[in-house]
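Residue-level structure breakdown
The chain contents come next:
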Amino acid sequence: MRIVVLILLLPLVGCVSNPWSYNDAPGSGLAAAESSKKPVVYIEPFVAGSAIESKWDGVAPEMQKAFTRAILKTGKFEVAGDYHTAQKAPVSFSIETELTDFLHTSEAPESVRRLHWFSKANDAIVALDVSAKNIQTGRVVFSDQVVATISVGDEETDQYGTLKFGSYLFWSTPLGEASRDVIDEAVVRLSTLSGSIPGVVTITSYTHGSRDVKLSGSDSLDDGGIYYVGVMDRTSGQFTSVDDDLGRPLRLRVEQRFFGGNTGWLLSEPAEYENITGSTLSKSPLPTRVTSE
């Protein structure tokens, strides 16, 4: 009978933390398959906001370590180790992050605590303010506040003791679980940037007179996103835009297929002298051949 009960409970516990094991740190496990050309990112030192309590002093650099592990394990980025390395490497993005919230809501004002039945809920909440800048253009290409909450339960219970952020057992605490969730979510959102760098996603097939094209390496593209089509000059290594039939930069829209994967839909026709098979995509406008000469 006990075995039957356990079997029935397994689907239920699959949605929450496993009560028979400890949580791993973000970025644990094997790295994903590497793409042929991965953008290099420089992660600016994490900043702890003024609202972070002194008892969590040192949480920002430890969270940066976990964030770096997690973004590396996606297989979509290389990470410049320090500022001096970043100056020498072809860095695509710099990422700035501020830890704005790291607390139990039992410590917050009553007015901002959510209701839970006939009382106020006690949640662990961790929030990151994340932005990414395209080094080549100087434009901010991503800016968002990412938040994660985990129910804590009894306000009077000390669930941390002498545990420090970053220690193995800390990831099984409420603030540890919320930290893991917020890091994982931030990395998922930032991963869409990898497809916006020329040389990562390419057009593999195009039929003259058609508007749809096949793409390789397109999993990280935004559904509905607009991208510029470009080619690399083999002499200079610089990417320039492909012309459409009116002499404008050729663009395409990404559409997610029903059964997975993405396809591209050209927003205009390529110029007759252009061969777009093998060309690449860029989220930012590319120089024209005239301006690059």
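On a predicted model such as this, the values are computed, not experimentally measured, just so you know.

In this section: the overall build of the chain. Per the secondary structure count, the chain includes 5 helices and 15 strands. Counting over 293 residues, the chain shows a buried share of 41%. Put simply, of all contacts in the chain between residues at least 6 apart along the chain, 69% involve residues at least 24 apart. As displayed, the chain has an accessible area near 16900 Å², and 54% of this comes from carbon and sulfur atoms.

Scanning the entire structure with this criterion turns up 8 aromatic pairs. Both rings, one in Trp56 and one in Phe102, keep their centres 5.2 Å apart while their planes meet at 80°; by these two values the pair is edge-to-face. Highlighted residues: Trp56 in the loop between strand 2 (47-48) and helix 2 (59-73) and Phe102 in strand 4 (residues 91-104), separated in sequence by 46 residues. As far as the burial class goes, Trp56 and Phe102 line up, both buried. On the numbers, 5.3 Å between centres and 65° between planes, the contact of Phe165 with Trp171 is edge-to-face. We note that Phe165, like Trp171, is buried. Among the aromatic side chains, those forming a connected cluster through ring pairs are Trp56, Phe102, Tyr160, Phe165, Phe170 and Trp171.

Below, the discussion takes up the nonpolar core. Among the nonpolar cores identified, the biggest contains 55 residues, and Met63, Phe67, Phe102 and Leu281 are the most heavily contacted of them. Residue contacts for Met63: discarding those within four places in its chain leaves Phe46, Leu99, Phe102, Val126, Leu128, Phe165, Ser179 and Ile183.

Moving on: the environment of Arg189. One can find Arg189 in helix 4 (residues 174-190). Residue class for Arg189 comes out partly exposed when judged on its relative accessible area of 28%. Taking the C-alpha atoms as reference, Arg189 lies 9.3 Å from Val146; in sequence the two are 43 residues apart. Discounting chain neighbours no more than four positions away, the residues touching Arg189 are Phe142, Asp144, Gln145 and Val146.

At a closest axis distance of 10 Å, the pairing of helix 2 and helix 4 adopts a crossing angle of 45°. On the basis of the axis angle, helix 2 is oblique to helix 4. Of the two elements, helix 2 crosses helix 4, and the hand of that crossing is right-handed. The segment helix 2 lies against helix 4, with Met63, Ala66, Phe67, Ala70 and Ile71 engaging Ser179, Ile183, Ala186, Val187 and Leu190. Among the residues making up the contact of helix 2 with helix 4, the classes are represented as 9 nonpolar, 1 polar and no charged.

A few words on the side chain of Asn262. With respect to the helices and strands, Asn262 occurs in strand 14 (residues 262-266). A relative accessible area of 7% means that Asn262 is categorised as buried. Filtering out sequence-adjacent residues up to four positions away, Asn262 remains in contact with Ser218, Asp219, Leu221, Val254, Glu255, Gln256 and Arg257.

A few words on the confidence of the model for the chain. For the chain, mean pLDDT is 81; residues scoring 70 or higher make up 79% of the total. Mean pLDDT across the elements of the chain ranges from a minimum in helix 1 (residues 2-13), with 46, to a maximum in strand 2, with 96. Counting interchain partners and residues more than four positions distant, the pLDDT-below-50 stretch residues 2-16 has 1 contact. Low pLDDT, under 50, characterises residues 32-36; the predicted model gives this stretch 6 contacts beyond four residues in sequence or across chains.

Basis of the calculations
- Residues numbered from 1 in each chain as written.
- Predicted model: local features only at pLDDT ≥ 70, side-chain atom pairs only at ≥ 80, totals over all residues.
- Heavy atoms only, no water.
- Helix = DSSP H or I, 4+ residues; strand = E, 2+ residues; numbered from the N terminus.
- Buried < 20%, exposed > 50% of the residue type's maximum accessible area, 1.4 Å probe, protein only.
- Contact = heavy atoms within 4.5 Å.
- Areas by Shrake-Rupley, 256 points an atom, 1.4 Å probe, with all protein chains shown as cover.
- Phe/Tyr/Trp six-rings, centres within 6.5 Å; stacked < 30°, edge-to-face > 60°.
- Core = buried A, V, L, I, M, F, W, Y, C linked by side-chain atoms within 4.5 Å.
- Axes fitted to C-alpha atoms, helices over the stretch in contact; angles between N-to-C directions.
- Parallel < 35°, antiparallel > 145°, perpendicular 65-115°, else oblique.
- Left-handed = near helix turned anticlockwise from the far one by under 90°.
- Nonpolar A, V, L, I, M, F, W, Y, C, P; charged D, E, K, R; others polar.
- pLDDT = per-residue confidence, 0-100.

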